[in-house]
Amino acid sequence: MDLLALADFNLVARHGGFGRAARAAGRPKATLSRRVAELEGSLDLRLFERGARALRLTQEGRALHERTAALLNELDEAATAIASGVDRPRGRLRVSAPLLFSQTAMGRLAAGFALKHPEVRLEVTTEDRAVDMVEEGYDLVIRVNPDPDESLVGRAFLRDRLVVVASPALARPSDGTAVPAVVRGSGEGAVTWDVMNAEGRVRVATRTVLGLSSLVMVRDAVRAGVGAGRLPISLVSRDLAAGRLVHWGDVDGPDIALWALYPSRRLLNARVSAFLDHLKDAFPQGTPEELGAYLEG
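**Some remarks on the pairing of strand β8 (residues 179–184)**
Link 1 in the chain: In terms of burial, β8 is a largely internal element, 5 of the 6 residues being buried.
Link 2 in the chain: Inspection of the sheet shows β8 paired to strand β10 (residues 200–212) by 6 bridges, in the parallel sense. By the bridge assignment for β10, Val179 is matched with Thr206.

Here's what the structure looks like:
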């Protein structure tokens, strides 16, 4: 494939027409039209629907633009950096991060990154859903215990663990009676939690009395004495140290792992690399205790 023709196609697609693209680039309109036609011929695809007054991407043209525009931009950035002898992070960096991590840590992380790399315009979107990085234009996503995905690569930079906690005023029954529980989401009426403590593995019967959409809300409700809750140790370590909450045990199950991921077919540009380094600097060991200390700082 002719990369120059592909670049001209993306130029026209970005500006929405041959005339506007020609004026923006200072190049002849006829040249752009010819190069796009040659690309269509080589691919045996129609990339634009050409009307009397409008130019519109076909379905195939839209797919090609979405999949190649970022790659060409990264190639251009890499060439510029190599030519200048400095691979300095610059430009726009879009990151998607989960709600709890964003509420508790991302503000400080983003501010520190912005001070360290003033030529990067960092944009952080908070959502727990698994975004489509390519389709939605993200450079990096932070996910909790992500499912395997061959199109993404990255690394776990933080680990946390779930604990069962309650207010000191809430008595823990010893006769198997169900305890009131605060859960994230709607929850079920009655569930059993498997907990590891000094006695070994025990089962705690619960009945949901309150369902909330945020773990921060769950923590606040548990602290108010409504019921027990399962929460990340990093979120409640300060409350445990101050005696506002008591530790009933660790949840018997896998740890929570936060991963920083990016598309495997993209070049690891200087912006993403710098953000990964920033996460490593903030959490060099990646332990729950380190995250708890960071949140208290």
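Picking up where we left off.
**Re the pattern of salt bridges**
Close approach of charged atoms lets side chains of opposite charge pair.
Link 1 in the chain: Evaluated as defined, the whole model comprises 21 salt bridges.
Link 2 in the chain: Put simply, Glu40 and Arg50 hold a salt bridge, and the shortest N to O gap is 3.0 Å. One end of the pair, Glu40, is in helix α3 (residues 29–43); the other, Arg50, is in strand β1 (residues 48–50), with 10 residues separating them in the sequence.
Link 3 in the chain: Glu40 sits in the buried class, given a relative accessible area of 10%.
Link 4 in the chain: The closest approach of N and O atoms between Arg223 and Asp239, which form a salt bridge, is 2.7 Å. One end of the pair, Arg223, is in helix α7 (residues 215–223); the other, Asp239, is in helix α8 (residues 233–242), and 16 residues separate them in sequence.
Link 5 in the chain: A single network of salt bridges, built from pairs that share partners, joins Arg219, Asp220, Arg223, Asp239 and Arg244.

**Some points on the environment of Val36**
Link 1 in the chain: Turning to its location among the elements, Val36 is positioned in helix α3.
Link 2 in the chain: A relative accessible area of 0% means that Val36 is categorised as buried.
Link 3 in the chain: Here the alpha-carbon distance between Val36 and Asp8, two residues 28 residues apart in the chain, equals 6.8 Å.
Link 4 in the chain: For Val36, the residues in contact, after removing those within four places along its chain, are Asp8, Phe9, Val12, Phe18, Phe48 and Arg50.

Conventions and cut-offs
- Residues numbered from 1 in each chain as written.
- Predicted model: local features only at pLDDT ≥ 70, side-chain atom pairs only at ≥ 80, totals over all residues.
- Heavy atoms only, no water.
- Buried < 20%, exposed > 50% of the residue type's maximum accessible area, 1.4 Å probe, protein only.
- Helix = DSSP H or I, 4+ residues; strand = E, 2+ residues; numbered from the N terminus.
- Pairing = 2+ DSSP bridges.
- Salt bridge = Lys/Arg side-chain N within 4 Å of Asp/Glu carboxyl O.
- Contact = heavy atoms within 4.5 Å.

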